[in-house]
Number of protein chains: 2
Amino acid sequence: MNNSYHHSLSASSQLTQLSVNRCFDGEQHYYSHQSTATKTAMTFSIYLPDEALAGRRCPAVLYLSGLTCNADNVTHKAHFQQKCSELGMIFIAPDTSPRSSESVDVPNDERYFVGQGASYYVDAAQAPWSEHFNMQSYIVDELYDLLRSEFPIDSIGVTGHSMGGHGALLLGFKFPSKFVSVSALSPVCAASESAWGEAAFTEYFGDDKAQWAQADAAKTIEKVGQQYTSILVDQGAADNFLADGQLQTNKLLDACEKAKQPLTLRYQAGHDHSYYFIQTFINDHIEHHWRMAQFG
Amino acid sequence: MNNSYHHSLSASSQLTQLSVNRCFDGEQHYYSHQSTATKTAMTFSIYLPDEALAGRRCPAVLYLSGLTCNADNVTHKAHFQQKCSELGMIFIAPDTSPRSSESVDVPNDERYFVGQGASYYVDAAQAPWSEHFNMQSYIVDELYDLLRSEFPIDSIGVTGHSMGGHGALLLGFKFPSKFVSVSALSPVCAASESAWGEAAFTEYFGDDKAQWAQADAAKTIEKVGQQYTSILVDQGAADNFLADGQLQTNKLLDACEKAKQPLTLRYQAGHDHSYYFIQTFINDHIEHHWRMAQFG
């Protein structure tokens, strides 16, 4: 690299570096590592602004992707790099679920909202899913600690899109000591009462409705009450999944009212569920997390 | 759509609209149409800022993609939409070559720098390529006229990446009455003297070296002399294709000196040939074309 910055992994690093690309005033990196939570190899992308490459601690935002996605979609299409470069933010994008490989056979399902590429960022409680589908533990314990030990991270906020928006709201309110800020783009707000989530939770939890409730973002917010100065949610007004009842944004609004959790909820005219929507508003989310990291 | 803008195709339109997505203050559209130049269906993407959707004439930039790409790569990964929305620019991304379909069998080659996904934006002179590989005529005549008749376009500039950077320089200097501005990202500057171009031109032109020279960007610039107030070229300094001799940026520099064509050539430290490089500098190129459209 033709610049004075670099990032060195710790001597005992469990990470394998897959790629490095210069992008704005920083670098887009990919890593893989062996996860104890999922018992598979896991891949994530991380954007490191030059401040971080020079070893200065930076605020970070963890982006949880939606159904069918992996780290590539947001890294290629959301265009968070420019704003993160300007502000000095680290941006981390994990995969959405464990994946089968030559050495590991992970359960799957022909329904895209249940198997590999789904996970709802929960720990599944019943076979065959409980062996590998432990994405809550992966995100909030294993990856969280790994990121803090390997990169110069000051604080971590959490955001996400669709199923990943559910994940951001759910994990942000279940583990408020871990995250300094929460936002979401077109989140699945009430997974336990949506067709996608009902199918997945039936597989992951069986009929134990107490576990369903603990894996529902709106119910969790209502139960634990206010945790953040404010949270930011953008929702496309022309989103077909909103019309289909998968997202149930009104239940998030109700839960935040009951929890006295300040919520900035913006319905964006004409916008759909796509990465064109995400790229239009991602900068506002990065700025939200940056402000929260600075000023709480 | 939940906004007051729309775009209507002419009553006799040859275009089929494939998709519409709201993105920033505008819409990303895809169209297909039957081409007489290539005798195939051709697809292109076009970003229309709200000014254009409301029918106001806007400056446009035509982006020619590199080897192996189609309209998707730049439309998904380059993130031109935000700057085009801010400035009121139209951005058009055609495919790189004709493609086989159920109804048409287009020649191909196992070498990615010769067959479908290549074309060098020239009209091939010999069989089997001359039947369909007529991308110069497609771009500067057919698509050019179609865009002007179907969209509220004020003026057109041309840019591109790699093989598409070659295309932008070549067509910009062969047809300066058609374009108000030229720029390029990591262009193939001397296709007739690069390994990629030699392989392709052998197929398209045989051993008629006069045709090779007419399809070489640096030779064309040197021959026709100064045509634009200035042209802008960005080149990653860590680009492996530069090191491999495929790009030959020095020959562009020499040609512009001999042609007295003002050239802003920027070697960008640490940057490679990827879309991470493109997204870092695309805004500067859009602003270059916007200024040229306003002020020549």
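Preceding block: the structure.
Conventions and cut-offs
The residue count restarts for each chain, going from 1 along the sequence in the order it is written. Here chains are named by letter from A upward and ligands by number from 1 upward, in the order in which they appear as written. At least 70 in pLDDT is required for a residue's local features to be given in this predicted model, at least 80 for side-chain atom pairs to be given and counted, and no such filter applies to totals for whole chains, interfaces and linings, which use all residues. Remark: hydrogens and water are excluded; side-chain values derive from all non-hydrogen atoms of the structure. Contacts are residue-level and defined by heavy atoms, with any inter-residue pair within 4.5 Å sufficient. Using a 1.4 Å probe, buried area is obtained as the accessible area two parts lose upon being combined, added over both of them. For salt bridges, the criterion is a side-chain nitrogen of Lys or Arg within 4 Å of an Asp or Glu carboxyl oxygen. In the analysis that follows, any N or O atom pair within 3.5 Å is treated as a polar contact, provided that within protein one partner can donate a hydrogen and the other can accept it, and provided that, for residues neighboring in sequence, both atoms belong to side chains. Numbering of helices and strands starts at the N terminus; helices are DSSP runs of H or I of at least 4 residues and strands are runs of E of at least 2. Any two strands are treated as partners once DSSP identifies two or more bridges connecting them. Where helices are involved, their axes are fitted lines through C-alpha atoms of the stretch in contact, as for all axes, and angles between N-to-C directions lie from 0 to 180°. Stacked, edge-to-face and tilted are the three classes for Phe, Tyr and Trp ring pairs, Trp counted by its six-membered ring, which pair at centre distances within 6.5 Å; planes under 30 degrees apart are stacked, over 60 edge-to-face, the rest tilted. Each ring is checked for a lysine NZ or an arginine CZ that lies within 6 Å of its centre and within 35 degrees of its normal; such an atom marks a charge sitting over the ring. When the copies are superposed, the least-squares fit draws on C-alpha atoms of residues that have pLDDT of at least 70 in both.

**Considerations on the interface of chain A and chain B**
Of the residues lining the interface, 26 residues belong to chain A; the matching set on chain B comes to 26 residues. Roughly 2300 Å² of surface becomes buried between chain A and chain B when both sides are summed, with 50% attributable to carbon and sulfur atoms. The interface formed by chain A and chain B holds zero salt bridges in total. Our count for the chain A to chain B interface comes out at seven residue pairs in polar contact (both at pLDDT 80 or more).

**A word on the side chain of His33 of chain B**
With respect to the secondary-structure elements, His33 of chain B resides in strand 2 (residues 26-34). When sequence neighbours within four positions are dropped, the list of residues in contact with His33 of chain B reads Gln14, Leu15, Thr40, Ala41, Met42, Phe44, Tyr138, Glu142, Leu143 and Leu146 of chain B.

**Thoughts on the sheet that holds strand 3 (residues 41-49) of chain A**
The strands making up a sheet associate through hydrogen bonds between their backbones, and the pairing can be parallel or antiparallel. All names here are of chain A. Strand order in the open sheet made by the six strands is 1-2-3-5-4-6, with mixed pairing throughout. The open sheet terminates on both sides in strands that have one partner only, identified here as strand 1 (16-22) and strand 6 (153-160). In this sheet, neighbouring strand axes are inclined to one another by 20° on average, regardless of whether the strands run parallel or antiparallel. As paired strands, strand 3 and strand 5 (residues 90-94) are joined by four bridges and run antiparallel to one another.

**Details of the packing of aromatic side chains**
As enumerated under the stated definition, the model contains 36 aromatic pairs over all chains in all. In this structure an aromatic cluster arises from ring pairing among Tyr120, Trp129, Phe133, Phe201, Tyr204, Phe205 and Trp212 of chain A. One cation-aromatic arrangement involves Lys178 of chain A over Tyr144 of chain A; the distance from NZ or CZ to the ring centre is 4.7 Å. The aromatic ring of Trp212 of chain B is capped on one face by Lys209 of chain B, whose charged end is 4.5 Å from the ring centroid.

**Here's the deal with the relation of the copies chain A and chain B**
You can overlay chain A on chain B at an RMSD of 0.0 Å; the transform is a turn of 180° with a shift of 0.0 Å along its axis. Interpreted geometrically, this transformation is the action of a two-fold axis. The position closest to the rotation axis in chain A is occupied by the C-alpha of Lys77 of chain A, lying 2.7 Å away. Here 100% of the interface residues in chain A have copies in chain B that are interface residues too; the copies meet face to matching face.

**Some thoughts on the sheet that holds strand 9 (residues 263-268) of chain A**
Residue and element names in this part refer to chain A. Reading across the sheet, the three strands line up as 7-8-9 and stay open at both edges, with parallel pairing between neighbours. At either margin of the open sheet sits one strand with a lone partner, and together these are strand 7 (183-185) and strand 9. Pairwise comparison of adjacent strand axes, ignoring direction, gives a mean angle of 10° for this sheet. Taken together, the six bridges between strand 8 (residues 231-236) and strand 9 define a ladder with parallel strand orientation. Each bridged residue has a counterpart across the sheet, and for Ile231 the counterpart in strand 9 is Leu263. The sheet contacts of helix 11 (residues 275-295) involve strand 7, strand 8 and strand 9, and relative to strand 8 the element is tilted by about 175°.

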